[in-house]
Amino acid sequence: MEKITTHTGVGVPLRRSNVDTDQIIPAVYLKRVTRTGFEDALFAAWRGDEDFILNQPAYTHGSVLVAGPDFGTGSSREHAVWALKDYGFKVVLASRFADIFRGNSGKQGLVAGVVSQENIELLWKLLETEPGKEITVSLEDRTVTCGELTVPFEIDDYVRWRLMEGLDDIGLTLQNEQAITDFEATRGSWRPTTLPAKTEPKVEIEAARPVQ
Amino acid sequence: MGTTLAEKLWSSHLVHEGEDGAPDLIYIDLHMCHEVTSPQAFEGLRLAGRQVRRPDLTIATEDHNTPTLDIDKPIADLTSRTQIDTLRKNAEEFGIRIHSLGDADQGVVHVVGPQLGLTMPGMTVVCGDSHTSTHGAFGALAFGIGTSEVEHVLATQTLPLKAFKTMAINVDGELPEGTTAKDIILAVIAKIGTGGGQGYVLEYRGEAIRSLSMEARMTICNMSIEAGARAGLIAPDETTFEYVKGRPHAPEGADWDEAVEYWKTLVTDEDATFDAEVNLNAADLEPFVTWGTNPGQGLPLSATVPNPDDIADADEREAAINALKYMGLTPGTPFKEIPIDTVFLGSCTNGRIEDLRAAAAIIQGRTKAPNTRFLVVPGSARVRLQAEAEGLDQVFIDFGAEWRNAGCSMCLGMNPDQLAPQERSASTSNRNFEGRQGKGGRTHLVSPLVAAATAVRGTLSSPADLEGADVLVGASA
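Rules behind the numbers
- Residues numbered from 1 in each chain as written.
- Chains lettered and ligands numbered in written order.
- Predicted model: local features only at pLDDT ≥ 70, side-chain atom pairs only at ≥ 80, totals over all residues.
- Helix = DSSP H or I, 4+ residues; strand = E, 2+ residues; numbered from the N terminus.
- Rg over C-alpha atoms; globule rule 2.2 N^0.38 Å.
- Buried ≥ 20, exposed ≤ 12 C-beta atoms within 10 Å, placed from the backbone.
- Contact = placed C-beta atoms within 7 Å.
- Pairing = 2+ DSSP bridges.
- Axes fitted to C-alpha atoms, helices over the stretch in contact; angles between N-to-C directions.
- UniProt positions renumbered as here; feature names shortened; annotations may be inferred.
- Nonpolar A, V, L, I, M, F, W, Y, C, P; charged D, E, K, R; others polar.

Caption draft 1: Local environment of the overall build of chain A. Scanning chain A from terminus to terminus reveals 9 helices and 7 strands. Here the C-alpha atoms of chain A give a radius of gyration of 21 Å, more than 25% beyond the 17 Å that 2.2 N^0.38 yields for 212 residues. Along the first, second and third principal axes, the C-alpha set of chain A runs to 70 × 60 × 30 Å. Within chain A, buried positions represent 40% of all 212 residues.

What follows is the structure in structure tokens.
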């Protein structure tokens, strides 16, 4: 994972609350089996609208999304983070994030910073008054700077450390492999295993046919 | 001081306590996979040269984009076929049990786990799907995870997690006839909002919850995520033990006795405190329906489409204006006058046998509204078989419904079962987001009883609106 300490890029004001992960990336794009190449899927339902913010030339190359409250609600799809990252976003700022989305962001190296709604409004105004204006996000200082305005943002200490160090989760966990093995030895024998597989008797399933 | 059920589940799975702000490492008892959120996780394992640590605690099924027609033919949609083929190859390569399309144990992952007896009290259950909260109905800590976490669990059988806060949802009183678990959870979400549960594990408590069947409890826990919560829980009791007993993977003999003895300890202690509490009286509830584009935008079915001008909060007002525009609704219109093009009965929320029975009891002997399509998609192949053994399939077919094979289907429209633009549905699923059931589609979330009554009348309706409604028996779904 790439280390991030500060990032500077064009800020994109997304004046919408409750942008759920179906809006970030519709389910139809989830059928891919690769890990990259989701940039075309980001906000797909809105991209056809020429007034949509990312279709305005000044914002097209944005990398800091300034969103409304409750960003990333709904489905757990990590594709939402991939789509944002593949498009070129490094940071999303909002006054509230859905838990799963925020967790997914930290793991994928997307900074999800919590900024008060009051300050989000100030950022929106600045970015709308001067389209294409850059924002600097400092993980070190936990601040967002846009022109003269500098406001704080919140991020979990541990997530911040990992982002700044660029550390991979699985590697970190496997440092405790002995503890996992020890724990496994204590599990009660009633706890189920999927193997060997047990089922009710196998039965032929009849295929449904279209109604004429 | 005592501890809550959620805290007990947490501490009993603690592998390693995080220090200096690092998360705790939590052991995962059951990991379920499906074709959509797993391919990149397996790709990650291969890239890093890692193995699946516990294939014997892992199970896969195909559900999100499987067709519900012609399942014996190759899948027409190439990307769907690729995802499913990829899951099959990954299952084979990594030695994971899979129930594929056409297998009697295929179905929506959250229907399959409980019916195989793999979901039990006292477990931790994860899946790359937010509706994993369903399994909390057994008194298990169950939550949805992202693909990186899927990879993490595959590789280590653990997850690094920060402790959740706890919220009690107390539902006292008795549900009125015609009102169901679905109406309870829609009312809870309308009350606390789609962000109200953020950071919390919800524990549903109270008389109304205790009297629910396991399947109804699953409906409630299933939608915890729609209130923003990571998980929902219900303490196990005799209803739970009865449901688990005798299922294929249920413990037997001494293991069963040991398990039940332990499961009985899985309750929130009398003197434990929750970080937050919400109270509802079931007796005040009536059938619910959503009018907007998030599950918190719901009202009793007897009400009218709300007027955004009456909403004090500016963000909520704005959201309501956008939602009504998308939904094509005019404030003041009685919900019961809204015509419905498609009724969808199914999903991990309401695609179980009790849901099908409840809907069948409403439509039996009645005629379908001529302009309304009624799609019935059992949650799993076993549910379908059970329904067929009970003759429910014939009730649906005689009524004019389409009787389909199992899968997620129109809940999220990843297979061909989609709404057309501006088409309006009454759906027993869990999300009314823009485009969820098909681009431009308009979704009203309802219970199976309301879905069935709507299919009869062609407009949003409750069973009480049907002619001869006084002879109806209360259904449990």
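Caption draft 2: Region of the structure containing unusual backbone geometry. All names here are of chain A. Cis geometry is adopted by the peptide bond preceding Pro196, which originates at Leu195 and carries an omega value of -5°. With phi around 60°, Asp70 is a residue other than glycine that occupies positive phi space. With respect to the helices and strands, Asp70 occurs in the loop between β2 (64-67) and α4 (79-87). We note that Arg142 has phi near 55°; this positive angle belongs to a residue other than glycine. In this fold, Arg142 is placed in the loop between β5 (134-138) and β6 (143-146). Using a count of 15 C-beta atoms within 10 Å as the deciding quantity, one classes Arg142 as partly exposed.

Caption draft 3: Fine view of the environment of Thr145 of chain A. Residues and elements named next belong to chain A. Here Thr145 lies in strand β6. Take Thr145: there are 16 C-beta atoms within 10 Å of it, and that puts it in the partly exposed class. Once the C-alpha coordinates of Thr145 and Glu134 are considered, the two residues, 11 residues apart in sequence, prove to be 8.6 Å apart. Excluding residues within four positions of it along the chain, Thr145 makes contact with Ile135, Thr136 and Thr150.

Caption draft 4: Expanded view of the sheet that holds strand β7 (residues 149-152) of chain A. Residues and elements named next belong to chain A. Taken in spatial order, the 7 strands line up as β4-β3-β2-β1-β5-β6-β7 in an open sheet, and their pairing is mixed. Looking along the sheet, the strands with just one partner apiece sit at the ends: β4 (111-114) and β7. Each strand axis lies, on average, 30° off the axis of its neighbour in the sheet, ignoring direction. As defined by bridge partners, strand β3 (residues 91-94) adjoins β4 across 4 bridges and the pair is classed as parallel. Across the sheet, the residue bridging to Leu93 is Gly113, located in β4. Where helix α6 (residues 117-129) meets the sheet, its contacts fall on β1 (6-14), β2, β3, β6 and β7, and the angle it forms with β1 comes to roughly 85°.

Caption draft 5: Spotlight on the UniProt feature "binding site: [4Fe-4S] cluster" (unreviewed entry) in chain B. All names here are of chain B. Sites flagged by UniProt as "binding site: [4Fe-4S] cluster" (unreviewed entry) map to Cys348, Cys408 and Cys411. A compact arrangement is adopted by the annotated residues: their sequence extent is 64 residues, whereas the largest C-alpha distance between any two is 8.8 Å. Along the polypeptide, Cys408 turns up in the loop between β17 (402-403) and β18 (424-427). The exposure class assigned to Cys408 is buried, which follows from the 33 C-beta atoms found within 10 Å.

Caption draft 6: Examining the interface of chain A and chain B more closely. Every contact between the two is made by 60 residues of chain A and, on the other side, 84 residues of chain B. No other element matches the 6 residues that helix α5 (residues 99-108) of chain A contributes to the side of chain A that touches chain B. Split by residue class, the side of chain A that touches chain B holds 25 nonpolar, 17 polar and 18 charged.

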